[in-house]
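Notes for the structure review
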Amino acid sequence: MNKVELLTINEVCVLLRVSRTTVYTWNTKGVLKPIKLASRVRYLKSDIENLLNIELINKINTKKFNKIYQILSFILRTILRKVLYHYFLDNFNIIDFSTSLLKILYEQL
């Protein structure tokens, strides 16, 4: 039989590096699932480990997205600079135009 490990709220706070208030908020929002044992509240260690894994994946995905966004921004600015330079013969503010265009593209993601 598998042994189920339960954690106290203090242990959860240490593992997740959050305050007790945050844990209580997450309880009400359904992020954490507290187990009530008489007057005590405990948490499944496996649930906390899953939450840690999800947070790690989100951080990695955010870093990847930001890097891809930076690369695409650079490529787009370079292309626009060359096209607009030849079209407007440098009488155009490329920075304002490319920034506006990037904002529009970002909103579409």
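Refer to the structure above for everything that follows.
Basis of the calculations
Residues numbered from 1 in each chain as written. Predicted model: local features only at pLDDT ≥ 70, side-chain atom pairs only at ≥ 80, totals over all residues. Heavy atoms only, no water. Salt bridge = Lys/Arg side-chain N within 4 Å of Asp/Glu carboxyl O. Helix = DSSP H or I, 4+ residues; strand = E, 2+ residues; numbered from the N terminus. Buried < 20%, exposed > 50% of the residue type's maximum accessible area, 1.4 Å probe, protein only. Axes fitted to C-alpha atoms, helices over the stretch in contact; angles between N-to-C directions. Parallel < 35°, antiparallel > 145°, perpendicular 65-115°, else oblique. Contact = heavy atoms within 4.5 Å. Nonpolar A, V, L, I, M, F, W, Y, C, P; charged D, E, K, R; others polar. Patch = residues over 30% accessible without salt bridge, like charges linked within 9 Å, V, L, I, M, F, W, Y side chains within 5 Å. Areas by Shrake-Rupley, 256 points an atom, 1.4 Å probe, with all protein chains shown as cover.

Looking at the pattern of salt bridges
- Inspection of every chain in the model, using the stated rule, returns 1 salt bridge.
- Salt-bridge contacts for lysine 45 lead to glutamate 5; the nearest nitrogen and oxygen are separated by 3.6 Å. In this pair, lysine 45 sits in helix α3 (residues 45-88) while glutamate 5 sits in the segment before β1 (6-7), placing the two residues 40 residues apart along the sequence.
- Residue classification places lysine 45 among the partly exposed positions, given a relative accessible area of 26%.
- Classification of glutamate 5 by relative accessible area gives partly exposed; the value is 44%.

What about the packing of helix α1 (residues 9-16) against helix α2 (residues 20-29)?
- Relative to each other, α1 and α2 sit at 100 degrees, their axes nearing to 9 Å. Relative to α2, α1 is oriented roughly perpendicular. Together, Ile9, Asn10, Val12, Cys13 and Leu16 of α1 and Arg20, Val23, Tyr24 and Trp26 of α2 make up the contact between the two elements.
- Residue composition of the contact of α1 with α2, grouped by class: 7 nonpolar, 1 polar and 1 charged.

Re a nonpolar patch on the surface
- Among the surface-exposed residues, Ile68, Ile71, Leu72, Phe74, Ile75, Ile79 and Val83 lie close enough to one another that they form a single nonpolar patch of about 680 Å² accessible area.
- On the secondary structure map, isoleucine 71 appears in helix α3.
- With a relative accessible area of 43%, isoleucine 71 lands in the partly exposed category.

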